[in-house]
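# Overview (structure and organization)
So the chains spell out like this:
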Amino acid sequence: MAIMEIIEAPDPRLKTVSTPVDTFDDQLKILVDDMFETMYDANGIGLAAIQVGIPLRVLVIDLQPEDTDAEPEECDHDHGGDGHSHVHYPLKKEPRIFINPEILDPADEMNTYQEGCLSVPDIYAEVDRPKACRVRWQDLEGNVHEEAMDGLLATCIQHEMDHLNGILFIDHLSRLKRNMALKKLEKARKAA
Ligand code: GNR
Ligand code: NI
């Protein structure tokens, strides 16, 4: 297992249209393992292979919902230095792998989510997307699956599908808002 470096905008590699996977071998399993480790380390809920520089149609998603059946626990990190301790439920691991995913019959009804992206750090903006869709994909063995999705999962898989086609969530914003986001990124990078 290895944590990989996440590519950030405006790196031109993020505009790559990724290539379908045609070999379901151990190397693919290693890539998926490394992508999960990288995603969890970065506190993301999804990751496309191009975000770690691999132009293949591979996605991992884990929405990590709170496990309300488990005992709440004291959290170990400090929320903005406010000195308060916080108690919350542990997160449930629900890792999902999507190889060569396709979006089928997107709903006419739209949904708005405040989106973020590990390749566009610390920038958040509302994006409208179809509220629900069907998704067809392959697993690590190449078997085909199909499932209806809605809620955050539908939003997340559409965000990840965009990465496979070289599109970032900021590309859905007005040119003014996109340029503001890119300027903010550039400024943050210079300050670091
Ligand atoms: O971690 C992430 N959170 C998120 C929130 C709202 C909509 C989409 C996402 S995906 C993002 C991780 C990421 O950049 N995946 O490509
Ligand atoms: Ni993203």
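Residues numbered from 1 in each chain as written. Chains lettered and ligands numbered in written order. Predicted model: local features only at pLDDT ≥ 70, side-chain atom pairs only at ≥ 80, totals over all residues. Heavy atoms only, no water.

## So, the pattern of salt bridges
A side chain of one charge can pair with a side chain of the opposite charge when the charged atoms of the two come close. Cut-off, in case you're wondering: Whenever Lys or Arg places a side-chain nitrogen within 4 Å of a carboxyl oxygen from Asp or Glu, that contact is recorded as a salt bridge. The numbering of helices and of strands both runs from the N terminus, where a helix is a DSSP run of H or I of at least 4 residues and a strand a run of E of at least 2. Any residue under 20% of the maximum accessible area for its type is buried, any over 50% is exposed, and the rest in between are partly exposed; the area is computed with a 1.4 Å probe on protein chains only.
What the rule picks out here adds up to nine salt bridges. With its nearest N and O atoms 3.0 Å apart, the salt bridge here joins Asp-162 to Arg-129. Linking Asp-162 in helix 2 (residues 151-164) with Arg-129 in strand 7 (residues 120-130), this pair joins segments that are 33 residues apart in sequence. Pair check on accessibility: Asp-162 and Arg-129 agree, each one buried. Between Arg-134 and Glu-146 there is a salt bridge, with its nearest N and O atoms 2.8 Å apart. Of the two residues, Arg-134 sits in strand 8 (residues 132-138) while Glu-146 sits in strand 9 (residues 144-150), which places them twelve residues apart along the sequence.

## Structural notes on the layout of surface pockets
Threshold: Two kinds of site are reported from a 1 Å grid over the protein atoms alone, namely cavities, where a 1.4 Å probe fits but cannot get out, and pockets, open sets with protein on both sides within 12 Å along at least five of seven lines, and residues are called lining when an atom falls within 4 Å of a point. Grid points are joined across faces, edges and corners, and a volume is the space filled by probe spheres set on the points. Polar here means any residue other than Ala, Val, Leu, Ile, Met, Phe, Trp, Tyr, Cys and Pro, which are nonpolar, and Asp, Glu, Lys and Arg, which are charged; Gly is therefore polar.
By volume, the largest pocket amounts to about 470 Å³. Around the largest pocket, the lining comprises 21 residues; the ones closest to its centre are Gly-44, Ile-45, Gly-116, Cys-117 and Leu-118. At the level of secondary structure, the elements contributing two or more residues to the lining of the largest pocket comprise strand 6 (110-117), strand 7 and helix 2. The greatest single-element share of the lining of the largest pocket, amounting to six residues, is contributed by helix 2. Broken down by class, the residue content of the lining of the largest pocket amounts to nine nonpolar, nine polar and three charged. For the second largest pocket, the full set of lining residues is Met-4, Pro-20, Val-21, Asp-22, Thr-23, Asp-25, Gln-27, Leu-28, Leu-31, Ile-54 and Leu-56.

## Focus on the coordination of the nickel ion (ligand 2)
Filter applied, for reference: Nitrogen, oxygen and sulfur within 2.8 Å of a metal are treated as its donors, or within 3.2 Å for sodium, potassium and calcium (Na, K, Ca); water is not counted, so a site can appear incomplete.
Protein coordination of the nickel ion (ligand 2) is provided by Cys-117 (SG), His-159 (NE2) and His-163 (NE2), with donor distances spanning 2.1 to 2.3 Å. All donors of the nickel ion (ligand 2) come from a single chain, and their spacing in sequence reads C-x41-H-x3-H. Of this pair, Cys-117 sits in strand 6 while His-163 sits in helix 2; the two residues are 46 residues apart in sequence, bridging distant segments of the chain. The same class applies to Cys-117 as to His-163, namely buried.

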